[in-house]
Amino acid sequence: AGEEGRHGKRRSRARLSMEEAKHEFLHAKLKIAGALERFRRRLSGDTVAEDIRQSPEVNSLRFSALDEDDEIPSSVTGARRPEGAVYPCHRPAPGAVPPPNTWSDAVLGSAFLVRGEQYLTNRRKYPSQAAMFEVFQIEAYRTDLRALNIARLLNVTGDTVSGLPTTCLINVMIPDYSPSLMKSTRTISDGKGVSVVIHARMTEETRAALAAGSTAPEYRLLRAYLRAEGDEEAGLLGDHHPHHHKVRRQTKMIAHIDGLEHLGYFQRTALAKGNGKPFLVDRCGIMYPVAADGVFEVDVDVHNFQAMAVKGLDMSKNMLKSLVVDIALLLEGQEVAELPERVLATFRLFHPDFNNVKCHLDDLMALNGWRKELAS
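These numbers were taken from a predicted model, which means no experiment stands behind them. (Residues numbered from 1 in each chain as written. Predicted model: local features only at pLDDT ≥ 70, side-chain atom pairs only at ≥ 80, totals over all residues. Heavy atoms only, no water.)

Attention now goes to the nonpolar core. Ranked by internal contacts, the top residues of the largest apolar core, which has 49 residues, are Phe133, Val135, Ile138, Val196, Ile198, Tyr225 and Val300. Those residues in contact with valine 300 that sit more than four places away from it in its chain are Ile170, Asn171, Val172, Met173, Met253, Val281, Cys284 and Phe305. Counting residues in hydrophobic clusters, the runner-up holds 16 residues, among them Ala85, Tyr141, Ile150 and Val197. (Core = buried A, V, L, I, M, F, W, Y, C linked by side-chain atoms within 4.5 Å. Buried < 20%, exposed > 50% of the residue type's maximum accessible area, 1.4 Å probe, protein only. Contact = heavy atoms within 4.5 Å.)

This is the structure in structure tokens:
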């Protein structure tokens, strides 16, 4: 038994070493991609907006620097926001530690490895092209229940290009309770939580390509995603799983987590396994396509992720404030005509502290003179 135990420990250490080697390999690929991107932009004369910041405090491989006096987009028009609801956009000086619950829009699309044009045959991934949407605001609210279709409460509007909405809201609904591991997959979990709302708008490149009728794979896929069959029936109820159109089942996200060394062994090991790996949000993704208002909302319902994942998040919640997280939203290319993939939007969260979200959704309702029933 003792001999078997020693062999088991050696196998565990070998598996851990393999995971660390894979992580280091990915880290090196990202560094090379960043260096090539930097070199290309220097040749073209664009060395400011997309240059990569070198900082000892945060992983700088995916961070593009902007001058301190560069304009940061202001809040969107629409409903008035309670003080503290909108997270500041922060661009720290080299060596500075960013404050908790701040964010940055300066994350390169090339930071994320996505499926290449020949992925179905060679399984290779490459750095993505630039994001098709740019994030310009993030806000967060405590909620008593899941805040579905939050765009109508925030009164967000946009315009359209070729009949497609140009403003995208990503509403990540995070539970603030300990989930049951015995819950049936048919049971909808709901309760207190936090809604982190990311506002993004189409880049000028994306607008121009859609207006010109581009047939590139990423634009064909985006058209199908934003204007899918069955949207007329979805209305305010939303497009839930199983979705009306195949492309809506291809929503996925990637999260790069920096700062794992600040966590305990078990949390560090658990998060390292999924670090940088894409995951589909098909079953827990709800879309609210309101083309008339120029807005498309994607609700990511973390309440109803797999029970073990929600339990792990609940156990690690107090430690998230020591981390820096880069996040990308994209559509999974599943056919030759849908490849290569390209990220839709990217952003960075500095030290997210969901226990310290200052505003409740009721504060937004009261400030704008709305009845609480509108939030349900």
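Let us keep going from here.
Before going further, it helps to spend a moment on the pattern of salt bridges. Following the criterion strictly, the structure yields 17 salt bridges and no others. The residue arginine 115 makes a salt bridge to glutamate 341 at a minimum N-O spacing of 3.9 Å. Here arginine 115, found in strand β2 (residues 113-115), pairs with glutamate 341, found in the loop between β13 (324-331) and β14 (343-350); they are 226 residues apart in sequence, far enough to count as distant. The class of arginine 115 is buried, set by a relative accessible area of 15%. Taking the relative accessible area as the measure of exposure, glutamate 341 reaches 4% and is therefore buried. The salt bridge partner of aspartate 326 is arginine 348, with a shortest N-O separation of 2.6 Å. Within this pair, whereas aspartate 326 is found in strand β13, its partner arginine 348 is found in strand β14, the two being separated by 22 residues in sequence. Residue classification places aspartate 326 among the buried residues on the basis of a relative accessible area of 0%. Overlapping salt bridges bring together Arg115, Lys252, Glu332 and Glu341 as one network. (Salt bridge = Lys/Arg side-chain N within 4 Å of Asp/Glu carboxyl O. Helix = DSSP H or I, 4+ residues; strand = E, 2+ residues; numbered from the N terminus.)

With that settled, the discussion passes to the sheet that holds strand β11 (residues 285-290). The strands making up a sheet associate through hydrogen bonds between their backbones, and the pairing can be parallel or antiparallel. The strand order across the open sheet formed by five strands is β4-β8-β7-β12-β11, and the pairing between neighbours is mixed. Strands with a single pairing partner mark the edges of an open sheet, and in this sheet they are β4 (133-143) and β11. Adjacent strand axes in the sheet meet at a mean angle of 15° when their direction is disregarded. The sheet contact formed by strand β7 (residues 167-175) and strand β8 (residues 193-202) spans nine bridges and is antiparallel. Directly across from valine 172, in β8, lies its bridge partner valine 196. Helix α5 (residues 217-226) rests against β4, β8, β11 and β12 (295-301) of the sheet, and its axis sits at about 85° to β12. (Pairing = 2+ DSSP bridges. Axes fitted to C-alpha atoms, helices over the stretch in contact; angles between N-to-C directions.)

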